[in-house]
Structures are given as structure tokens and as C-alpha cells.
Amino acid sequence: MRSIQVVDSHTGGEPTRVVLAGGPDLGTGSMADRRELFRTRFDAFRSAVVNEPRGSDVLVGALLCPPVDPDCAAGVIFFNNVGMLNMCGHGTIGLAVTLGHLGQIGAGVHRFETPVGVVSVEYDGAHTATIENVPSWRAATNVSVEVAGHGVVYGDIAWGGNWFFLVSDHGQALDLACVDELTEFSWRIREGLVRQGLTGDDGGEIDHIELFGPPHAVGNDSRNFVLCPGKAYDRSPCGTGTSAKLACLYAAGKLQPGEIWRQESIVGSVFEGWVREAGNRVIPSVRGTAWVTGEATLWLDPTDPFEKGIRR
């Protein structure tokens, strides 16, 4: 019987499960190297932690790792129901609040190592954290994609820690009651991107689809629906998705450095974001709130037919 110590939280409604102990030994390489080792040799562990029957499609895992840089508070590798993630904004906010809950960090600025670089997090000592994300940029604009059963849509390709295709003119109602239709529509966009061979600058798969529309609450700037790689929608406004959106707004001359953008999610939770210039890219900052929802010990029993989770 193998035990795994976890702490669960949610950021704007989107859950994060931080693995504190019981994870695989990934050595002492960079977070990118460790993520690749995790992906190739320990995928069963990923599935056991976040997939049913111990988890769900919406759950994002965060494997806590010793950092390479001693000035960093922690290293972290994010994963979901189908594989590894490059970066996760809501998960980083959840990680900060979780480490605060455990007494491992206090109020102040902390640095976390991720597979795509170091991010800094300003934690208020309670429920709020502001992440200064990795450099982000708009890679292409007004890109046409043929969507099965719908026709052509136009959007931007942008990096915010993951690759996104962002669409404003889509004709969809961004209401919680419409998530099934929004999921199907967004998945067809992703399939269209694959058919047309459209990728990020580095050839990376554009595995996040982000739809935008008018906000529902006064004082917010926009509402979004984000479909994640495993076909689950993000309950939060999505930290890397908000970063990608900020990069697009800046590139279009619609957002000035330091100007605050309030991004509303499909469930109504809000992230605040702004950018600072970094050459031809921007450094986005995203502020959100998280709450710890539980601490648990997961048990992996080799006699359990679903010890490794239910994998697609």
C-alpha cells in the first residue's frame, strides 16, 4: 500500500491538488528535465492522483519538488487529466495559499521554479496571491480556422505559459448554462487548429482555447470561457489564459503598462491583471484568491483494479 499526502484548494472555483509527499523521485535536474522524466516514466502516478476515482477531469495536480535555485521557495510541476502542463496560473496561486496554510511561507514575495521558468508570487498571508508570470507575447493575429459545423472563426495565437487560441467574435453565449455547447464548439476549434497544422512559435501544440465576451458584472472588462487540454473547462479566469489575453491587448495597443484588466470567468470569479514591458514581450502579473478545501492521504493499493486511475 502506497500513501500520497495532498492538500486540495480552489482558485476562483478551479481546484488544485498539491502533492506534498509520496511522489516519484525525479532527480535533481531542471524542472523541465524533471517534467519530462515524470511524463515518460511516471504517467501512472499522474493518473492515479488526478483522475477518477480519486480525482476528476477538472482537477489540476501540482507536484512539489525541491528547487534547483536555493533562492526559490519551491519547484513545481503541473499536470492534469491527460498529461503535463507547461505552467498553471491558478495552480500557482493555489500553491502559494497552500504553502501559507502549511506554514511553509509567510506574507511576502516568493519565487517558484516551473518547467518554463521562474515566477515570483506576492502572497498576502491569507487568501490572495499575485503571480508575476513568465514573458508572454502574441505570436499571430487574425488567424482563420475552419470549424466543423460552424464555419470560419478568427483569433489570435499567444503564449502566456501555455499556448492559446483566443477568439472574441464567435457568436456563442458565455453563460454557465451553456458549458456543454461551449465545450463542443471550443473542441472543434482545437481540432481545426490541428487539421490546419497551426502551432505556437516553437511548434508547440495550441492546447488551450479561449473565448471572450462582455462581462456580466459591472466593473469587469471581459468574460471568458477556457477549454483546457483534457476537455475540461476552467472554472477560474485562467492565469496563463489571462496572461495571453493581456499580451494580445498590449500588442493591439488596447492596454497600457500598469493598466488593470479585470477578467471574469464563466462562473463569475475574477482575476486582476496588468503588464510591464520586456522588449517585444510583456511580463504579466495576475492576482487571484484561493482557499484550502482539504488535506488528505491517498492510498494506492496494488490489488485495486483502478490503482492507476481511469485513463483515457
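Above this text is the structure in question.
Analysis parameters
- Throughout, residues of each chain are indexed from 1 in the direction in which the sequence is written.
- Residues qualify for local features only when their pLDDT is at least 70, as the model is predicted, and side-chain atom pairs are given and counted only at 80 or more; totals for whole chains, interfaces and linings, by contrast, use all residues.
- Each side-chain value is worked out from all heavy atoms of the structure, with water and hydrogens disregarded.
- Counting from the N terminus, the helices are the DSSP runs of H or I reaching at least four residues and the strands are the DSSP runs of E reaching at least two.
- An expected span of 1.5 Å times one less than the residue number is assigned to each helix.
- Buried, partly exposed and exposed residues are distinguished by accessible area as a fraction of the type maximum, computed with a 1.4 Å probe on protein chains only: under 20%, between the cut-offs, and over 50%, respectively.
- Note on definitions: a residue-residue contact is assigned when non-hydrogen atoms from the two residues lie within 4.5 Å.
- Pairing between strands is defined by DSSP: at least two bridges between them are needed.
- The pairing test for Phe, Tyr and Trp rings, Trp by its six-membered ring, is centres within 6.5 Å, and the orientation test on the planes gives stacked under 30 degrees, edge-to-face over 60, and tilted for anything in between.
- For a Lys NZ or an Arg CZ to count as sitting over a ring, it must be within 6 Å of the ring centre and within 35 degrees of the ring normal.
- Here, a salt bridge means any Lys or Arg side-chain nitrogen found within 4 Å of an Asp or Glu carboxyl oxygen.

Considerations on helix α4 (residues 179-195)
Here's step 1: With 17 residues, α4 should reach 24 Å at 1.5 Å per residue; the first-to-last C-alpha distance of 24 Å fits that figure.
Here's step 2: Listed as buried for α4 are V179, L182, T183, F185, S186, I189, R190, G192 and L193.
Here's step 3: Looking at the packing, one finds that the buried side of α4 touches β8 (137-147), β9 (151-159), β10 (163-167), β11 (208-213) and β12 (222-227).

Some words on unusual backbone geometry
A negative phi angle characterises most non-glycine residues, just as the trans form characterises most peptide bonds.
Here's step 1: That bond from E52 to P53 is cis: its omega, 10°, falls within 30 degrees of zero.
Here's step 2: For N142, which is not a glycine, the phi torsion comes out positive at approximately 55°.
Here's step 3: For N142, the location among the structural elements is in strand β8.

Focus: the pairing of strand β7 (residues 128-132)
Here's step 1: Of the strand pairs in this sheet, strand β6 (residues 117-123) and β7 are connected by four bridges, and their pairing is antiparallel. Each bridged residue has a counterpart across the sheet, and for Y123 the counterpart in β7 is A129.
Here's step 2: Counting the residues between successive antiparallel strands, the hairpin from β6 to β7 contains four residues, one of them, G125, with a positive phi of roughly 90°.
Here's step 3: Sheet topology note: the β7/strand β15 (residues 281-300) ladder contains five bridges and is antiparallel. By the bridge assignment, I131 is partnered in β15 with V286.

Quick notes on the environment of D175
Here's step 1: Mapped onto the elements of the fold, D175 is located in the loop between β10 and α4.
Here's step 2: Residues D175 and E272 lie 97 residues apart in sequence; the distance between their C-alpha atoms is 20 Å.
Here's step 3: Not counting the four nearest positions on each side in its chain, D175 is found in contact with L182, H216 and I266.

A short note on the packing of aromatic side chains
Here's step 1: Evaluated as defined, the whole model comprises six aromatic pairs.
Here's step 2: Considering the side-chain rings of F225 and Y233, the 5.8 Å spacing of their centres and the 25° angle between planes classify their relative orientation as stacked. Each member of the pair, F225 as well as Y233, is classed as buried.
Here's step 3: In this structure an aromatic cluster arises from ring pairing among F38, F45 and F79.
Here's step 4: Sitting over the ring of F212, K245 keeps its end group 4.1 Å from the ring centre.
Here's step 5: Its guanidinium or amino end placed over the ring of W137, R281 lies 3.7 Å from that ring's centre, counting from NZ or CZ.

Quick word on the pattern of salt bridges
Here's step 1: Summed over the entire model, instances satisfying the criterion amount to 13 salt bridges.
Here's step 2: Salt-bridge contacts for R188 lead to E184; the nearest nitrogen and oxygen are separated by 3.1 Å. Here E184 and R188 lie together in helix α4, a separation of four residues that amounts to about one turn.
Here's step 3: Taking relative accessible area as the criterion, R188 reaches 32% and is therefore assigned partly exposed.
Here's step 4: Overall, E184 belongs to the partly exposed group, its relative accessible area being 34%.
Here's step 5: With a shortest N-O distance of 2.8 Å, R190 and E205 are connected by a salt bridge. Of the two residues, R190 sits in helix α4 while E205 sits in the loop between α4 and β11, which places them 15 residues apart along the sequence.
Here's step 6: Since its relative accessible area comes to 44%, E205 is described here as partly exposed.
Here's step 7: Counted as one network, the salt bridges with shared partners bring together D43, R46 and R311.

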